[in-house]
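Residues per chain are reported as follows:
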Amino acid sequence: MKIALIGKNGQVGFECRRTLSFSEKVLYLSRSDFNHDYNTLKNILLKESPDFIVNAAAYTNVDKAESEKEKCFSANVELPEMLSEICKTLNSSLIHLSTDYVFDGKSEVPYCENDEINPINYYGETKSLGESKVVTSGCDYIILRTSWVYGHKGINFVKKMISYAQEKETLKIINDQFGSPTSARFLAQLINNLILLNLNGFGSNAGIYHACASGQTSWFEFGKIVIEDSVPLIHKKVKEIIAVASTNFKTVAKRPIYSVLSTEKLSKTFNIYPPTWEELLSFHLEERDWSIIDE
Ligand SMILES: NC(=O)c1ccc[n+]([C@@H]2O[C@H](COP(=O)([O-])OP(=O)(O)OC[C@H]3O[C@@H](n4cnc5c(N)ncnc54)[C@H](OP(=O)(O)O)[C@@H]3O)[C@@H](O)[C@H]2O)c1
(Lines give C-alpha, C1' and ligand atoms only; values in the text may rest on other atoms or scores of the structure.)
Protein backbone atom coordinates (compact mmCIF):
# COMPACT_ATOMS: atom_id res chain seq x y z
CA MET A 1 0.00 0.00 0.00
CA LYS A 2 1.42 3.32 -1.06
CA ILE A 3 -0.15 6.73 -0.41
CA ALA A 4 0.85 10.14 -1.76
CA LEU A 5 -0.31 13.18 0.17
CA ILE A 6 -0.16 16.60 -1.47
CA GLY A 7 -0.09 19.71 0.74
CA LYS A 8 1.81 18.28 3.69
CA ASN A 9 2.26 21.71 5.32
CA GLY A 10 -1.40 22.67 5.39
CA GLN A 11 -3.69 22.23 8.43
CA VAL A 12 -5.11 18.91 7.22
CA GLY A 13 -1.93 17.78 5.46
CA PHE A 14 0.07 18.30 8.63
CA GLU A 15 -2.38 16.23 10.69
CA CYS A 16 -2.30 13.49 8.05
CA ARG A 17 1.39 13.15 8.82
CA ARG A 18 0.34 11.91 12.27
CA THR A 19 -2.39 9.53 11.11
CA LEU A 20 -1.38 7.85 7.86
CA SER A 21 1.55 6.04 9.39
CA PHE A 22 -0.21 2.64 9.10
CA SER A 23 0.74 2.55 5.42
CA GLU A 24 4.01 0.93 4.34
CA LYS A 25 4.90 4.00 2.34
CA VAL A 26 3.51 7.50 2.44
CA LEU A 27 4.96 10.12 0.19
CA TYR A 28 4.35 13.49 1.85
CA LEU A 29 4.69 16.26 -0.69
CA SER A 30 4.72 20.04 -0.45
CA ARG A 31 5.19 22.57 -3.22
CA SER A 32 8.88 22.77 -2.43
CA ASP A 33 9.22 19.05 -3.23
CA PHE A 34 8.00 19.68 -6.77
CA ASN A 35 9.42 23.21 -7.24
CA HIS A 36 5.88 24.62 -7.43
CA ASP A 37 5.64 22.87 -10.80
CA TYR A 38 2.69 20.53 -11.42
CA ASN A 39 4.51 18.74 -14.24
CA THR A 40 7.26 17.77 -11.83
CA LEU A 41 4.59 16.60 -9.40
CA LYS A 42 2.94 14.60 -12.17
CA ASN A 43 6.22 12.86 -13.02
CA ILE A 44 6.85 12.01 -9.37
CA LEU A 45 3.37 10.52 -9.01
CA LEU A 46 3.51 8.55 -12.24
CA LYS A 47 6.88 7.12 -11.22
CA GLU A 48 5.83 6.29 -7.64
CA SER A 49 2.41 4.96 -8.66
CA PRO A 50 0.61 5.34 -5.29
CA ASP A 51 -2.56 3.37 -4.58
CA PHE A 52 -4.17 6.46 -3.04
CA ILE A 53 -3.58 10.16 -3.66
CA VAL A 54 -4.80 12.47 -0.91
CA ASN A 55 -5.17 16.07 -2.05
CA ALA A 56 -4.97 18.30 1.03
CA ALA A 57 -3.52 21.17 -1.03
CA ALA A 58 -5.60 24.18 -1.96
CA TYR A 59 -5.57 27.94 -2.18
CA THR A 60 -7.61 28.76 0.93
CA ASN A 61 -7.32 32.51 1.46
CA VAL A 62 -10.94 33.43 0.75
CA ASP A 63 -10.42 37.22 0.58
CA LYS A 64 -7.13 37.23 -1.32
CA ALA A 65 -8.64 34.79 -3.83
CA GLU A 66 -10.71 37.67 -5.21
CA SER A 67 -7.53 39.37 -6.47
CA GLU A 68 -5.14 36.41 -6.86
CA LYS A 69 -7.45 34.60 -9.26
CA GLU A 70 -4.81 32.80 -11.31
CA LYS A 71 -3.07 31.34 -8.26
CA CYS A 72 -6.39 30.27 -6.78
CA PHE A 73 -7.61 28.70 -10.03
CA SER A 74 -4.39 26.82 -10.53
CA ALA A 75 -4.44 25.25 -7.04
CA ASN A 76 -8.18 24.65 -6.76
CA VAL A 77 -9.04 23.62 -10.32
CA GLU A 78 -5.95 22.65 -12.32
CA LEU A 79 -4.32 20.66 -9.52
CA PRO A 80 -7.34 18.42 -8.75
CA GLU A 81 -7.94 18.03 -12.48
CA MET A 82 -4.39 16.79 -12.94
CA LEU A 83 -4.52 14.53 -9.89
CA SER A 84 -7.76 12.92 -11.04
CA GLU A 85 -6.27 12.26 -14.49
CA ILE A 86 -3.23 10.67 -12.84
CA CYS A 87 -5.49 8.48 -10.69
CA LYS A 88 -7.39 7.41 -13.78
CA THR A 89 -4.14 6.52 -15.58
CA LEU A 90 -2.72 4.63 -12.61
CA ASN A 91 -6.03 3.06 -11.60
CA SER A 92 -5.50 4.65 -8.17
CA SER A 93 -8.01 6.31 -5.87
CA LEU A 94 -8.24 10.00 -5.04
CA ILE A 95 -9.37 11.64 -1.82
CA HIS A 96 -9.96 15.32 -2.51
CA LEU A 97 -11.08 17.98 -0.04
CA SER A 98 -13.68 20.60 -0.78
CA THR A 99 -15.72 23.15 1.09
CA ASP A 100 -19.06 24.30 2.46
CA TYR A 101 -18.41 27.52 0.49
CA VAL A 102 -19.70 25.83 -2.67
CA PHE A 103 -23.15 26.72 -1.26
CA ASP A 104 -24.72 30.18 -1.17
CA GLY A 105 -25.86 29.94 2.46
CA LYS A 106 -29.54 30.60 1.76
CA SER A 107 -30.70 27.27 3.19
CA GLU A 108 -32.20 26.99 6.66
CA VAL A 109 -31.49 23.28 7.05
CA PRO A 110 -28.20 21.40 6.72
CA TYR A 111 -27.04 21.01 3.12
CA CYS A 112 -27.06 17.54 1.55
CA GLU A 113 -24.55 16.42 -1.05
CA ASN A 114 -26.95 16.73 -3.96
CA ASP A 115 -28.30 20.17 -3.02
CA GLU A 116 -27.68 22.78 -5.66
CA ILE A 117 -24.31 24.48 -5.44
CA ASN A 118 -24.09 28.23 -5.97
CA PRO A 119 -20.82 29.71 -4.71
CA ILE A 120 -20.85 33.39 -3.78
CA ASN A 121 -17.10 34.06 -3.82
CA TYR A 122 -14.21 33.18 -6.12
CA TYR A 123 -12.70 30.65 -3.72
CA GLY A 124 -16.02 28.76 -3.62
CA GLU A 125 -16.32 29.01 -7.38
CA THR A 126 -12.89 27.44 -7.94
CA LYS A 127 -13.53 24.73 -5.35
CA SER A 128 -16.79 23.78 -7.06
CA LEU A 129 -15.02 23.71 -10.45
CA GLY A 130 -12.32 21.52 -8.89
CA GLU A 131 -15.03 19.14 -7.68
CA SER A 132 -16.53 18.84 -11.14
CA LYS A 133 -13.11 18.14 -12.69
CA VAL A 134 -12.72 15.22 -10.27
CA VAL A 135 -16.26 13.93 -10.78
CA THR A 136 -16.10 14.02 -14.58
CA SER A 137 -12.57 12.57 -14.82
CA GLY A 138 -13.86 9.02 -14.44
CA CYS A 139 -11.33 8.23 -11.69
CA ASP A 140 -12.14 6.42 -8.45
CA TYR A 141 -12.63 9.25 -5.94
CA ILE A 142 -14.09 10.55 -2.76
CA ILE A 143 -14.61 14.27 -2.29
CA LEU A 144 -14.93 15.39 1.31
CA ARG A 145 -16.68 18.73 1.71
CA THR A 146 -15.80 20.17 5.06
CA SER A 147 -16.17 23.44 6.96
CA TRP A 148 -14.59 25.92 9.40
CA VAL A 149 -11.31 23.98 9.68
CA TYR A 150 -8.83 24.57 12.51
CA GLY A 151 -5.71 22.74 13.56
CA HIS A 152 -2.37 23.19 15.29
CA LYS A 153 -0.69 24.25 12.09
CA GLY A 154 -1.31 27.44 10.14
CA ILE A 155 -3.62 30.38 10.78
CA ASN A 156 -7.20 29.72 11.86
CA PHE A 157 -10.08 31.11 13.90
CA VAL A 158 -9.22 29.17 17.08
CA LYS A 159 -5.65 30.46 17.10
CA LYS A 160 -6.81 34.00 16.37
CA MET A 161 -9.31 33.93 19.26
CA ILE A 162 -6.68 32.64 21.67
CA SER A 163 -4.22 35.32 20.70
CA TYR A 164 -6.81 38.15 20.67
CA ALA A 165 -7.98 37.06 24.14
CA GLN A 166 -4.45 37.65 25.39
CA GLU A 167 -4.03 41.00 23.63
CA LYS A 168 -7.39 42.82 23.69
CA GLU A 169 -9.86 43.83 26.41
CA THR A 170 -12.86 43.87 24.08
CA LEU A 171 -13.57 41.43 21.28
CA LYS A 172 -16.29 41.70 18.65
CA ILE A 173 -17.35 38.46 16.96
CA ILE A 174 -19.90 37.83 14.21
CA ASN A 175 -23.10 36.17 15.44
CA ASP A 176 -25.08 35.79 12.21
CA GLN A 177 -23.04 33.21 10.28
CA PHE A 178 -23.59 29.55 11.10
CA GLY A 179 -21.50 26.46 10.42
CA SER A 180 -19.79 23.44 11.96
CA PRO A 181 -16.24 23.97 13.18
CA THR A 182 -14.16 20.92 12.27
CA SER A 183 -10.69 19.96 13.44
CA ALA A 184 -7.97 19.04 10.98
CA ARG A 185 -7.24 16.11 13.29
CA PHE A 186 -10.74 14.70 12.76
CA LEU A 187 -10.38 15.06 8.98
CA ALA A 188 -7.00 13.33 8.99
CA GLN A 189 -8.43 10.44 11.01
CA LEU A 190 -11.40 10.25 8.68
CA ILE A 191 -9.12 10.08 5.64
CA ASN A 192 -7.14 7.36 7.38
CA ASN A 193 -10.31 5.38 8.13
CA LEU A 194 -11.71 5.79 4.62
CA ILE A 195 -8.52 4.35 3.16
CA LEU A 196 -8.53 1.46 5.65
CA LEU A 197 -12.19 0.70 4.91
CA ASN A 198 -11.64 0.82 1.14
CA LEU A 199 -8.22 -0.70 0.53
CA ASN A 200 -9.31 -1.84 -2.93
CA GLY A 201 -10.76 1.52 -3.89
CA PHE A 202 -14.11 3.22 -3.35
CA GLY A 203 -15.96 1.48 -6.19
CA SER A 204 -19.71 1.94 -5.83
CA ASN A 205 -19.19 4.19 -2.79
CA ALA A 206 -17.25 6.75 -4.81
CA GLY A 207 -18.78 10.22 -4.68
CA ILE A 208 -19.12 13.44 -2.73
CA TYR A 209 -19.52 13.30 1.05
CA HIS A 210 -20.07 15.99 3.63
CA ALA A 211 -17.51 15.60 6.38
CA CYS A 212 -17.63 17.95 9.33
CA ALA A 213 -18.33 17.89 13.05
CA SER A 214 -21.92 17.33 14.07
CA GLY A 215 -23.94 20.20 15.47
CA GLN A 216 -23.78 23.82 14.46
CA THR A 217 -22.84 27.16 15.93
CA SER A 218 -22.10 30.81 15.13
CA TRP A 219 -18.62 32.34 15.06
CA PHE A 220 -19.62 34.24 18.22
CA GLU A 221 -20.58 31.12 20.23
CA PHE A 222 -17.59 29.23 18.87
CA GLY A 223 -15.19 32.06 19.76
CA LYS A 224 -16.65 32.44 23.26
CA ILE A 225 -16.21 28.74 23.99
CA VAL A 226 -12.67 28.71 22.55
CA ILE A 227 -11.74 31.53 24.92
CA GLU A 228 -13.55 30.10 27.97
CA ASP A 229 -12.08 26.63 27.46
CA SER A 230 -8.55 27.85 26.85
CA VAL A 231 -8.46 30.04 29.98
CA PRO A 232 -6.46 27.51 32.01
CA LEU A 233 -3.85 27.57 29.25
CA ILE A 234 -3.51 31.31 28.66
CA HIS A 235 -3.22 34.64 30.42
CA LYS A 236 -6.52 36.20 29.47
CA LYS A 237 -6.79 39.96 28.99
CA VAL A 238 -10.22 40.07 27.35
CA LYS A 239 -13.07 41.29 29.59
CA GLU A 240 -15.90 41.68 27.13
CA ILE A 241 -16.96 39.62 24.10
CA ILE A 242 -19.58 41.38 21.99
CA ALA A 243 -21.82 39.72 19.39
CA VAL A 244 -22.06 41.77 16.20
CA ALA A 245 -23.72 41.41 12.80
CA SER A 246 -21.50 40.53 9.84
CA THR A 247 -22.37 43.92 8.32
CA ASN A 248 -19.96 45.35 10.94
CA PHE A 249 -17.05 43.44 9.38
CA LYS A 250 -16.48 44.39 5.77
CA THR A 251 -14.64 41.59 3.99
CA VAL A 252 -13.43 41.52 0.39
CA ALA A 253 -15.23 38.23 -0.32
CA LYS A 254 -18.81 37.42 0.66
CA ARG A 255 -19.40 34.49 3.03
CA PRO A 256 -22.45 32.22 3.17
CA ILE A 257 -24.67 33.02 6.15
CA TYR A 258 -25.52 29.36 6.75
CA SER A 259 -23.23 26.55 5.62
CA VAL A 260 -24.08 23.66 7.91
CA LEU A 261 -23.54 20.31 6.16
CA SER A 262 -25.52 17.14 6.75
CA THR A 263 -23.21 14.17 7.30
CA GLU A 264 -25.97 11.58 7.02
CA LYS A 265 -24.57 10.09 3.80
CA LEU A 266 -21.15 9.56 5.39
CA SER A 267 -22.78 7.82 8.36
CA LYS A 268 -25.11 5.67 6.27
CA THR A 269 -22.41 4.59 3.82
CA PHE A 270 -19.41 4.06 6.08
CA ASN A 271 -20.96 3.86 9.54
CA ILE A 272 -18.88 6.86 10.56
CA TYR A 273 -20.54 9.26 13.01
CA PRO A 274 -18.65 12.56 13.43
CA PRO A 275 -18.27 13.83 17.02
CA THR A 276 -19.85 17.15 17.97
CA TRP A 277 -17.89 20.32 17.29
CA GLU A 278 -17.63 20.84 21.07
CA GLU A 279 -15.99 17.42 21.49
CA LEU A 280 -13.52 18.07 18.67
CA LEU A 281 -12.66 21.49 20.09
CA SER A 282 -12.16 20.14 23.57
CA PHE A 283 -9.86 17.38 22.27
CA HIS A 284 -7.92 19.98 20.27
CA LEU A 285 -7.45 22.28 23.27
CA GLU A 286 -6.41 19.36 25.47
CA GLU A 287 -3.51 18.65 23.14
CA ARG A 288 -1.73 21.32 25.06
CA ASP A 289 1.80 21.09 23.84
CA TRP A 290 1.13 23.39 20.91
CA SER A 291 4.71 24.64 20.79
CA ILE A 292 5.89 21.18 19.81
CA ILE A 293 3.06 20.42 17.42
CA ASP A 294 3.09 23.76 15.59
CA GLU A 295 6.37 24.06 13.69
N1 LIG B 1 -9.48 26.13 6.16
C2 LIG B 1 -10.81 26.00 6.17
O3 LIG B 1 -11.51 26.60 6.99
C4 LIG B 1 -11.49 25.08 5.19
C5 LIG B 1 -12.89 25.02 5.19
C6 LIG B 1 -13.51 24.16 4.29
C7 LIG B 1 -12.77 23.39 3.42
N8 LIG B 1 -11.42 23.48 3.43
C9 LIG B 1 -10.69 22.66 2.47
O10 LIG B 1 -9.92 21.72 3.18
C11 LIG B 1 -8.69 21.48 2.49
C12 LIG B 1 -7.53 21.65 3.42
O13 LIG B 1 -7.56 22.97 3.94
P14 LIG B 1 -6.48 23.50 4.96
O15 LIG B 1 -7.17 24.44 5.87
O16 LIG B 1 -5.68 22.37 5.51
O17 LIG B 1 -5.58 24.36 3.96
P18 LIG B 1 -4.27 25.19 4.29
O19 LIG B 1 -3.88 25.06 5.72
O20 LIG B 1 -4.42 26.53 3.70
O21 LIG B 1 -3.19 24.39 3.47
C22 LIG B 1 -3.26 24.22 2.11
C23 LIG B 1 -1.93 23.74 1.64
O24 LIG B 1 -2.03 23.68 0.22
C25 LIG B 1 -0.75 23.88 -0.35
N26 LIG B 1 -0.90 24.93 -1.35
C27 LIG B 1 -1.23 26.22 -1.19
N28 LIG B 1 -1.25 26.86 -2.37
C29 LIG B 1 -0.95 25.93 -3.30
C30 LIG B 1 -0.79 25.95 -4.71
N31 LIG B 1 -0.93 27.10 -5.38
N32 LIG B 1 -0.48 24.80 -5.35
C33 LIG B 1 -0.31 23.66 -4.65
N34 LIG B 1 -0.41 23.58 -3.33
C35 LIG B 1 -0.74 24.70 -2.66
C36 LIG B 1 0.19 24.29 0.78
O37 LIG B 1 0.87 23.13 1.23
P38 LIG B 1 2.44 22.91 1.02
O39 LIG B 1 3.09 24.11 1.64
O40 LIG B 1 2.70 21.64 1.73
O41 LIG B 1 2.67 22.84 -0.45
C42 LIG B 1 -0.76 24.70 1.87
O43 LIG B 1 -0.20 24.57 3.13
C44 LIG B 1 -8.70 22.40 1.28
O45 LIG B 1 -9.16 21.70 0.17
C46 LIG B 1 -9.70 23.47 1.63
O47 LIG B 1 -10.31 24.03 0.49
C48 LIG B 1 -10.77 24.29 4.31
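About the criteria used
Residues numbered from 1 in each chain as written. Predicted model: local features only at pLDDT ≥ 70, side-chain atom pairs only at ≥ 80, totals over all residues. Helix = DSSP H or I, 4+ residues; strand = E, 2+ residues; numbered from the N terminus. Rg over C-alpha atoms; globule rule 2.2 N^0.38 Å. Buried ≥ 20, exposed ≤ 12 C-beta atoms within 10 Å, placed from the backbone. Contact = placed C-beta atoms within 7 Å. Near = placed C-beta within 6 Å. Nonpolar A, V, L, I, M, F, W, Y, C, P; charged D, E, K, R; others polar. Axes fitted to C-alpha atoms, helices over the stretch in contact; angles between N-to-C directions. Parallel < 35°, antiparallel > 145°, perpendicular 65-115°, else oblique. Left-handed = near helix turned anticlockwise from the far one by under 90°. Expected span 1.5 Å × (residues − 1). Pairing = 2+ DSSP bridges. Core = buried A, V, L, I, M, F, W, Y, C linked by C-beta atoms within 7 Å. pLDDT = per-residue confidence, 0-100.

Participant: Requested: an account of the overall build of the protein chain, with residues and values cited.
Facilitator: Each helix and strand in the protein chain was counted, giving 10 helices and 12 strands. Expected size for 295 residues packed as a compact globule is a radius of gyration near 19 Å; at 19 Å, the protein chain falls within 12% of this value. By the burial criterion, 43% of the 295 residues in the protein chain qualify as buried. Of the contacts formed within the protein chain by residues at least 6 apart in sequence, a portion of 81% connects residues at least 24 apart.

Participant: I'd like to hear about the site of the ligand, residue by residue, with values.
Facilitator: Close to the ligand lie 28 residues, the nearest being N9, G10, Q11, S30 and A75. The element contributing the most residues to the shell around the ligand is helix α3 (residues 69-90), with four residues. Here the shell around the ligand is composed, by residue class, of 11 nonpolar, 12 polar and five charged.

Participant: Talk me through the packing of α3 against helix α4 (residues 122-137); I want residue IDs and the actual numbers.
Facilitator: Helices that pack against each other are described as a pair by the angle of their axes relative to one another and the distance between those axes. Relative orientation of the contacting elements α3 and α4 amounts to 15°, with a least axis distance of 9 Å. Considering the angle they form, α3 stands roughly parallel to α4. Judged by the twist between their axes, the crossing of α3 over α4 is right-handed. Facing α3, whose interface residues are K69, C72, F73, N76, V77, P80, E81, S84, E85 and K88, α4 presents Y122, Y123, T126, K127, L129, G130, K133, V134 and S137. Residue composition of the contact of α3 with α4, grouped by class: eight nonpolar, five polar and six charged.

Participant: Which residues make up helix α6 (residues 184-197), and what values go with them?
Facilitator: Owing to its 3.6 residues per turn, the α-helix aligns residues three or four sequence positions apart on the same side. The end-to-end C-alpha distance of α6 is 20 Å, a good match for the 20 Å that 14 residues give at a rise of 1.5 Å each. Most of α6 is tucked away, with 10 of its 14 residues classed as buried. For α6, the complete set of buried residues consists of A184, R185, F186, L187, A188, L190, I191, N192, L194 and I195.

Participant: With reference to specific residues and values, describe the sheet that holds strand β10 (residues 207-210).
Facilitator: Taken in spatial order, the six strands line up as β2-β1-β3-β4-β5-β10 in an open sheet, and their pairing is parallel. In this open sheet, the two strands that pair with only one neighbour each are β2 (25-29) and β10. Each strand axis lies, on average, 20° off the axis of its neighbour in the sheet, ignoring direction. Here four bridges tie strand β5 (residues 140-146) to β10, and the two strands are oriented parallel to one another. Pairing of L144 across the sheet is with Y209, part of β10.

Participant: How would you summarise the pairing of strand β7 (residues 170-174) if you had to cite specific residues and measurements?
Facilitator: When a strand is regular, its side chains alternate between the sheet's two faces. Here β7 shows a clear split, with L171 and I173 buried on one side and none of T170, K172 and I174 buried on the other. Direction of pairing for β7 relative to strand β12 (residues 240-244): parallel, over a ladder of five bridges. Its bridge partner lying in β12, T170 is registered against E240.

Participant: Account for the nonpolar core, with residues named and values stated.
Facilitator: With 72 residues, the main nonpolar core has L5, I53, V54 and I191 as its most contacted residues. At eight residues, α6 tops the list of elements feeding residues into this core. Those residues in contact with I53 that lie beyond four places of it in its chain are A4, I6, L45, L83, I86, C87, S92 and L94.

Participant: Outline the confidence of the model for the protein chain, listing residues and values.
Facilitator: Confidence in the prediction of the protein chain, expressed as mean pLDDT, is 95, and 97% of residues score 70 or more. Confidence over residues 291-295 falls short of pLDDT 50; this stretch has four contacts with residues more than four positions distant or in other chains.

Participant: Can you lay out the environment of G223 for me, pointing to particular residues and giving the numbers?
Facilitator: Tracing the backbone through its elements, the reader meets G223 in helix α7 (residues 219-230). Overall, G223 belongs to the buried group, with 26 C-beta atoms counted inside 10 Å. Between the alpha carbons of G223 and A165 there is a distance of 9.8 Å; along the sequence they are 58 residues apart. In this view, G223 contacts M161, I173 and I241; residues no more than four positions away in its chain are not counted.

Participant: Give me unusual backbone geometry: which residues, what numbers.
Facilitator: Its identity is not glycine, yet H36 carries a phi of approximately 55°, on the positive side. When you line up the elements, H36 lands in the loop between β2 and α2 (38-48). In this model, W148 sits at a positive phi of 45°, which is unusual for a non-glycine residue. Here W148 lies in the loop between β5 and β6 (149-150).

Participant: A description of the packing of α7 against helix α9 (residues 277-286) should follow, citing residues and the corresponding values.
Facilitator: One way to put it is that α7 packs onto α9 with a least axis distance of 11 Å and a crossing angle of 35°. For the pair α7 and α9, the crossing hand works out as right-handed. Judged by residue contacts, I225, V226, D229 and S230 of α7 engage L281, S282 and L285 from α9. Classifying every residue of the contact of α7 with α9 gives four nonpolar, two polar and one charged.

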